[in-house]
Every structure is written in C-alpha cells, then in structure tokens.
Amino acid sequence: MSFFGVNNKMLIKLILGLSLHKRFSHWKGCCFITALLLVNVSALVGHNGLGVPANSGAVLDLHELAIVDSFYQVQENRIFWLDGASKRPNALAEGMLQCIAESSRHGLLPEDYHYERLSMTANRARASVGESLPMEELQNFELLMTDAFVHLALHYYQGKVQPDSLMNWFIKPKPKLDWVSFLTVALQEDGPCAALERLLPIHAGYWTLVAQLERYRNLNWRPIDADVTVLVQRGDDDPLVLALRERLLVTGDLPEGDLSSTFDRPLENAILNFQYRQGITQDGMLRGATLDKLNIPVEDRIKQIIVNLERWRWLPDDLGDPHIAVNIPAFELQGMVDGQMAYRERVIVGQRRHPTPAFSDSMRYLVFNPFWNVPKSIIKNELIPRIIEDEEYCEEQGIEVFRGKKKVDTKKVDWKNAKAEDYWFRQLANEKNPMGRVKFMFPNRHSVYIHDTPDRDLFVNSHRSYSHGCVRIQEPYSFADYILSINEGWRRSKVDELLELPKQSKIDIAEPLAVHIFYFTAFEDQHGAMNFREDVYLHDDLLYAQLTGDTDKVKTEKAKTIQGQGVNPILQGRTEDIGEELEIDVDMPVLSPLPAPAPASATGSEIDKEKEERLPALNGLGVD
C-alpha cells in the first residue's frame, strides 16, 4: 500500500532518517506513531472501515505522546472515538467532551485538553450531511481525544503542577499507574467519565472545595469604601453600616437583610463569624484588618480555592487512621479519627524566612524533659558571641559544652580564636529550653517535629509564624494525653512521673502515628463554614501562575518567594535541629492579639459574656 505515491517502507525510512538528523531532532517523539498509523492503514480499514492517515502536526500537539503511542501499539491502531459507519464522533467521544468541560469544576482549564479543537471537529461532523469530514481531520480527532483523556487523567490523579522544593512540599506522591492498561479498561469497559471520576481525591476536604468553587463563581460583592483607620462598632450609626450589611449578606454571614444604618447585635454577630472564618481577631468591629479581608475581591478567593484543590490532588488517598494533621497557614493541629476531628490545638509554625515544610512521616516516640542540641549555625552566630560578652552565659542558661565526648569548662576556652565546628552545645531541660518539657518525634530529613515551648505568650496571637521551622504546640500535656488515649499501655500518671525526673526520658509509641503537615489557605471547617487564611509563605500566586501557564507570572512569583524566604535552611538539606534555634531575636511582628480561649476586643476591654456565649452558634454561618 502507498500514501501519496510513496510506499510504506520508503516512507518509514524517510521518517526515521529525519528523526535521527540533528536538524529534525524535534520529530523523534512523533515519528513512531506517525509511521505506525501509516503502515497500519489497511489494518484499520479491516477493523472498522476507516483509514486515518496520520499528520505529524497533530502528533506534535500531544501532551502525553509516549502513553498514546504505547496505547495504539497495544491496540493495533484500533479506532475508539469515531463511528466506523458514519465516520462521526461516537457516544464515547460525546461523553468525553462533556467530561473535559466538567474539568473546570475542579479548577482546571478545559483548553489544556484540546477542548476547543475537539469541539469544533465534533460540531463540524454533526453539521455535515451525506459526507464525512476529511480523513486527516478525523485522524487528528482520534489522537487528540486519546491524548486529552490521558492528560486529564494524570491531572486528576496527581495534579497538574509537580510540587517542588520551592514550595516546600515533600509529601510522598501517589503510586504510579500503568496508564496504557488504565486507558484500555476505561475505553473498553468502564467508560472514560466513570474512570476519570475514580481518579479524583477521595477526601471530603477536596469535594467541599469543589462545591465552594461553584458557589463562589456565582458570588459578587463590592468593596467597602473606607479608610484603613475606620472603627465602627455596635451602637454606632454610620453610613458604612449599609455597605457592611450588603457585603455580609452576599457571603451568608448576615442571614437576612436590614436597611438600618445602626450597627446592631445581628450585624456584630455577622462580623464575628466573618472574622472567625478568616482566622483574625474576633472583636465584632469594623476596623482595618477586617476591612482588608472584606475587600479582597471574589476573583482572588476563587483563585485561592483553585490552588488548594490542586494541593488536595497531590495527596495520597490513605492518610492513615488515626492521623495528625497540621495546617501551616491556619496555625492549627488536628487529631483525625474515622474522618472526624477528635482533637484540635493551636500551634506556632516557621517564619517566612524559615518556612515549615509540608511533608508526611510517622510519630514514633515522645521525649520528656528533652535536651536541646544547639545547631552549628546558632553556636557560631549567636552563642559564641554571647559567651565572649558574658562568660557566665552558658551556666545561666543551663548549657553544657562538649569537645568530642569530653565536657569542657567554657571559661577556659579562648572563644575569640576557637573554631565553632570543634564544639557542640546541649541545653539541659529547664524553663529556658526552647524545646519545653515534651517533644513529639517523627524522625524526618527536615529535622522538624512538634514540641512544647516556654514562649506561651505567643499563642494569644492570631498570626503565629515565629519558629525556625518546627511546630510548637500550645498544650503539650493535653496533646500527650490525646496520643496516649489512642495508644494502648499508656497512662497519665506515668507521664507525670517522667516529668518529675531530672533527666531526659524517651517512650516509644506502640503504634506509629501518621503525621501530615499541610499547606491549605482555603478549607471548609468542621461546621461547614468556608475558611480563608493568609498565604504566609507566598505560595498561592506562584502555584496559580503555574496552573494557568502564565510563565511571566511564574518567574515573578518565584523571585518574590525566594526574596521573601531569604536563605532557606530546609532547601539546603540541613539535618540539624533547625526547628528550634534559640529565640534570642524574634523578628516577626506580633499581630492581632487574640487571648485564648475567648475572643477579646482589640481595645483590651473585658469580654462581653453574652457575646462569648453566642460565638459557638455563629461558627456554622457564611461561605466567604
């Protein structure tokens, strides 16, 4: 058989020859599938009466060339998306077009899956009467449809963007699938749409965001025109109240309309609920920080939901049951059992220049009255200069110094000429030890873990990004009780005994407990309320740019992220206890005071008891 007067053998030699020539190296990927389809035209005719000559331009448009190529080899170039008799897109193709359109529900772009081109071909085929489309166009449709399915399947299963170290995401990806076998089963047995649905995350957190994305795409609000110094509170009569009511009605925080310009108690309740869902101080007032959150455009909130859907797609289906989940932007730890929150705790996470990484591991033991092995960087840059200034410093801080295995007298060392790398420092368990009294250990390459802290005053702040990477927990003994409650053979009295001992003690956990440190800036909470948090490490804009293919924006956001984080020890592969270097100089601002457990007015006035009692009932309202 020949094609345009060239016999098959000659054509294959020509194609393969071009593929090997350096001037045509970009052809290599498409040559085999082109040659394969050309040679097997007769086989195709035998299968379904349709011969489809290949077009290298169409092949070059393929995103998943290797998988598509392998699939058609296995299937001996069988046609799947076209009807052999009518030579029009079949029911399988019509359903797949709808599946591609539905990808927007998941924050993806249908145009990434050849949607416009495929739709145009399908429309032309439907409109044609008595004659079929050109064979070349039909062949393009077949290949592009297969490529669209595989490309969308990959994105549903593992995400569109590969998480990299710049975003500090190190959670183990899902296992790889045999995509040729998956595609074969999907097209011959399951149907493409059903197969694609099964690839999406099974987690409830993902599907609540899918619903919220649809909701937010139907919302619209106007900014409140006010100065950042504004302060409006209950009892005030102010023109801004009407604009505030309108804004809170849109997002559902205010359940019903009211034309009054007087700031009443229902409006105060609505603001309290809105503030709760933004993770900011709950004072029930319209003031600078709350105004900023109210005026964030709905388009930005939609982007935030989309990037967090992508993060869910990066996660494995099995997170462990039970497991511990830390959400960095929410400054919160949760204990999850049977898919339900069984424990909740405030935490402190890493500063922007010392970001806490997102990763997974298993908690294996607890350490009571822990020593703190001081990182080399702290020894060189902070401790030795302190000792030079004050020779009593180590003794006052309970710090022991060793050279090798030999303990040294710090007063007899010439620290001005000493090499920091020759010594290691260990702080004993005391009230100044940054480890506190308990460490919850899940050994990992980042040297990041959960632990107590002596800096309890920092937990009253709504923004809690202060550490050098580790996760500090507000109530370590309560958390220890929770860990004990899900591990047999533990008892609180034993913990109390260990805390009384003047030495470090380690206790293994009977069943290692999965720990996941996540980065979610948009999520639905246990009350069904939509929550948004500050993008503390500047990851959202970068990820959104990557999802939308905005390469210029990607470059800009990468530069901004690197500049914001400064030198990141996690990315340099440090294995020290980077999580808790001495907090000699905390350089992050203290923002939005929030005394626990009751929300307090930013003015420091006494909490309104009635307001405190109403708060739990408010938390289920709103979608913003």
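Here, every reference points to the structure presented above.
Residues numbered from 1 in each chain as written. Predicted model: local features only at pLDDT ≥ 70, side-chain atom pairs only at ≥ 80, totals over all residues. Heavy atoms only, no water.

(A) Quick peek at the nonpolar core. Grouped together as the largest cluster of nonpolar side chains are 135 residues, with contacts concentrated most on Met-363, Phe-425 and Phe-479. Top contributing element to this core by residue count: helix H8 (residues 135-158), with 13 residues. Setting aside anything within four residues of it in sequence, one finds Phe-425 in contact with Trp-372, Asn-373, Val-374, Ile-379, Leu-383, Ile-387, Cys-394, Ile-399, Glu-400, Val-401 and Trp-415. If you look at the next biggest cluster of nonpolar residues, it comprises 16 residues, including Val-232, Leu-254, Leu-267 and Ala-270. (Core = buried A, V, L, I, M, F, W, Y, C linked by side-chain atoms within 4.5 Å. Buried < 20%, exposed > 50% of the residue type's maximum accessible area, 1.4 Å probe, protein only. Helix = DSSP H or I, 4+ residues; strand = E, 2+ residues; numbered from the N terminus. Contact = heavy atoms within 4.5 Å.)

(B) Fine view of the pairing of strand E8 (residues 359-368). Here E8 runs beside strand E17 (residues 505-518); their pairing, made up of nine bridges, is antiparallel. Looking at E17, one finds that Phe-359 is bridged to Ile-517. As defined by bridge partners, E8 adjoins strand E13 (residues 438-441) across four bridges and the pair is classed as antiparallel. When the sheet's bridge partners are listed, Phe-368 is paired in E13 with Val-438. (Pairing = 2+ DSSP bridges.)

(C) Geometry of the packing of H8 against helix H9 (residues 179-190). Between H8 and H9, the least distance of the axes is 11 Å, while the angle of their chain directions is 115°. When the interaxial angle is binned, H8 and H9 end up roughly perpendicular. Handedness of the H8/H9 crossing: right-handed. Facing H8, whose interface residues are Thr-146, Phe-149, Val-150, Ala-153, Leu-154 and Tyr-157, H9 presents Trp-179, Phe-182, Leu-183 and Ala-186. Classifying every residue of the contact of H8 with H9 gives nine nonpolar, one polar and no charged. (Axes fitted to C-alpha atoms, helices over the stretch in contact; angles between N-to-C directions. Parallel < 35°, antiparallel > 145°, perpendicular 65-115°, else oblique. Left-handed = near helix turned anticlockwise from the far one by under 90°. Nonpolar A, V, L, I, M, F, W, Y, C, P; charged D, E, K, R; others polar.)

(D) Local environment of the packing of aromatic side chains. Applying the stated criterion across every chain yields a total of 19 aromatic pairs. Between Phe-402 and Trp-424 the ring centres are 4.4 Å apart and the planes differ by 15°, which places this aromatic pair in the stacked class. Linking Phe-402 in strand E10 (residues 399-403) with Trp-424 in strand E12 (residues 424-427), this pair joins segments that are 22 residues apart in sequence. Judged by its relative accessible area of 31%, Trp-424 is partly exposed. With centroids separated by 5.7 Å and ring planes inclined at 25°, the aromatic side chains of Tyr-519 and Tyr-537 adopt a geometry described as stacked. Of this pair, Tyr-519 sits in the loop between E17 and strand E18 (522-524) while Tyr-537 sits in the loop between strand E19 (530-532) and helix H20 (540-548), and the two are 18 residues apart along the sequence. Each member of the pair, Tyr-519 as well as Tyr-537, carries the same accessibility label: buried. Taken together, the aromatic side chains of Phe-149, Tyr-157, Trp-179 and Phe-182 make up a single cluster linked through ring pairs. One residue, Arg-247, lies across the ring of Trp-221, its end atom 3.9 Å from the ring centre. The ring of Phe-532 carries the charged tip of Arg-301 above its face, separated from the ring centre by 4.3 Å. (Phe/Tyr/Trp six-rings, centres within 6.5 Å; stacked < 30°, edge-to-face > 60°. Lys NZ or Arg CZ within 6 Å of the ring centre and 35° of its normal.)

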